[in-house]
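Summary of structural features
The residues making up each chain are set out below.
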Amino acid sequence: MEQTIEPERPIVDPHHHLWHHHPPYLLADLWEDTGSGHNIEQTVFIDCSAEYRESGPAALRPVGETEFVVKVAAEAAKGPAGAARIGAIIGHADLMLGEAVGAVLAAHKQAGNGLFRGIRHAAGWDASEVVRNSHSNPPENLYSEPAFREGLTELSRHGMVFEAWHYHRQIPALTELARGFPESPIVHDHFGGLLGIGPYKDQRDEIFEQWKNDIAALAQCPNVVAKLGGMAMPINGYGWHKRDTPLTSDELVAAQRPWYQHCIEQFGTERCMFESNYPVDKASISYNVLWNAFKKMTADFSEDEKESLFRATAMRVYGLAPI
């Protein structure tokens, strides 16, 4: 087990899930991870199809996830000093409903007890049968669908965040979307979903060169901020989840530093935030080791730059109140 680096540094983890399935990951599990060495003050829950309503209008069933997380957040708020609080919720609403999605957003907000901040309508699609498409079962070109854009207009009218999750070949489509909605705050998850399986196996160097250009173009959209993490999933192709020995922070830094550096160079620290993507990345790397890797990558950064990456950007984007 690695010794925690800078254990006193306050951190907001802006990307985690909670669920009862495969296997359960609930508050006790979250606290076991966030309490494993680093000073995690707050977290942001991100949609994962958890606890949807089992009856009622289909469009409103995702509101059940918000209701579920509000209860967990209330429990967390009563926790011991130093235990992480859940400071915001990003849920799901089907933006293909167009203008009608406004009623769903209103229901989320009403259920959210002041925590609801926006939605993620995942767009991950690939022609390969090896790559599993996003849990929202999107069409191939979701971002260009007129109904989707009507829905995003409604989301913007409500002043809410759009959380973008897709695969790396779809980054240009998000850039086009962001240019068309310059007033909409957009969060770019997981470096754009870099695939390293199926037809993308052993193509990392070629993908990196194109990805750098695509990220540089996306970063020209001032309404987009980047989440840095979520690169230890099986779809990324590193195979770390199959190892017998735990991944170390040095190994993650050696494998992925160029991706992190490029995003930070293009977006600037004030538009980047580190994320855990837990418990998905837990299959490959422990929580303590992951945040150690982030701290090693930024050892030479200024204090202001570190504050942005580890806390301030997330607090601004998700409207978090100080602890």
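The notes below deal with the structure included here. (Residues numbered from 1 in each chain as written. Predicted model: local features only at pLDDT ≥ 70, side-chain atom pairs only at ≥ 80, totals over all residues. Heavy atoms only, no water.)

The amide bond that connects Tyr278 to the next residue, Pro279, takes the cis arrangement and shows omega of 5°. Mapped onto the elements, Pro279 comes out in the loop between strand 8 (272–274) and helix 8 (287–297). Look at Asn137: it is not a glycine, yet its phi comes out positive at around 50°. Its identity is not glycine, yet Asp202 carries a phi of approximately 65°, on the positive side. Considering the arrangement of structural elements, one finds Asp202 in the loop between strand 6 (186–188) and helix 6 (204–218). (Helix = DSSP H or I, 4+ residues; strand = E, 2+ residues; numbered from the N terminus.)

Next up on the list: helix 4 (residues 146–157). Owing to its 3.6 residues per turn, the α-helix brings residues three or four apart onto one side. The terminal C-alpha atoms of helix 4 lie 17 Å apart, and with twelve residues this matches the ideal 16 Å at 1.5 Å per residue to within 8%. Residues of helix 4 that are buried sit in contact with helix 3 (101–111), strand 4 (116–120), strand 5 (161–164) and helix 5 (171–180). At the exit of helix 4 stands Gly159, carrying a positive phi of roughly 70°. (Expected span 1.5 Å × (residues − 1). Contact = heavy atoms within 4.5 Å.)

Burial of strand 5 is two-sided: the residues Val161 and Glu163 facing one way and the residues Phe162 and Ala164 facing the other way are all buried. Sheet topology places strand 4 next to strand 5; three bridges connect them, and they run parallel. Bridge pairing in strand 5 links Ile119 to Phe162. In this fold, the crossover linking strand 4 to strand 5 by way of helix 4 has right-handed handedness. Relative to strand 6, strand 5 is paired through three bridges, and the arrangement is parallel. By the bridge assignment, Ala164 is partnered in strand 6 with His188. Once the chain exits strand 5 it traverses helix 5 before rejoining the sheet at strand 6, and the crossover so formed is right-handed. (Buried < 20%, exposed > 50% of the residue type's maximum accessible area, 1.4 Å probe, protein only. Pairing = 2+ DSSP bridges. Right-handed = clockwise from strand over helix to strand, strands pointing away.)

The full count for this structure, using the stated rule, is 18 aromatic pairs. Consider the rings of Tyr143 and Phe162, whose centres lie 6.2 Å apart with planes at 85°: the pair is edge-to-face. Residue Tyr143 is found in the loop between strand 4 and helix 4, and its partner Phe162 is found in strand 5; the two are separated by 19 residues along the sequence. There is no split in this pair, since Tyr143 and Phe162 are both buried. (Phe/Tyr/Trp six-rings, centres within 6.5 Å; stacked < 30°, edge-to-face > 60°.)

Another point: the pattern of salt bridges. As enumerated under the stated definition, the model contains 15 salt bridges in all. A salt bridge links Glu303 to Arg9; the nearest nitrogen and oxygen atoms lie 3.0 Å apart. Of this pair, Glu303 sits in helix 9 (residues 303–317) while Arg9 sits in the segment before strand 1 (10–16), and the two are 294 residues apart along the sequence. Assessed through its relative accessible area of 48%, Glu303 is described here as partly exposed. Residue class for Arg9 comes out buried when judged on its relative accessible area of 6%. The closest approach of N and O atoms between Lys282 and Asp33, which form a salt bridge, is 3.2 Å. In this pair, Lys282 is assigned in the loop between strand 8 and helix 8 and Asp33 in helix 1 (residues 27–34), connecting sequence segments 249 residues apart. Since its relative accessible area comes to 37%, Lys282 is described here as partly exposed. For Asp33, a relative accessible area of 7% corresponds to the buried category. One connected set of salt bridges, linked through shared partners, spans Asp47, Arg120, Glu163, Asp189 and Lys227. (Salt bridge = Lys/Arg side-chain N within 4 Å of Asp/Glu carboxyl O.)

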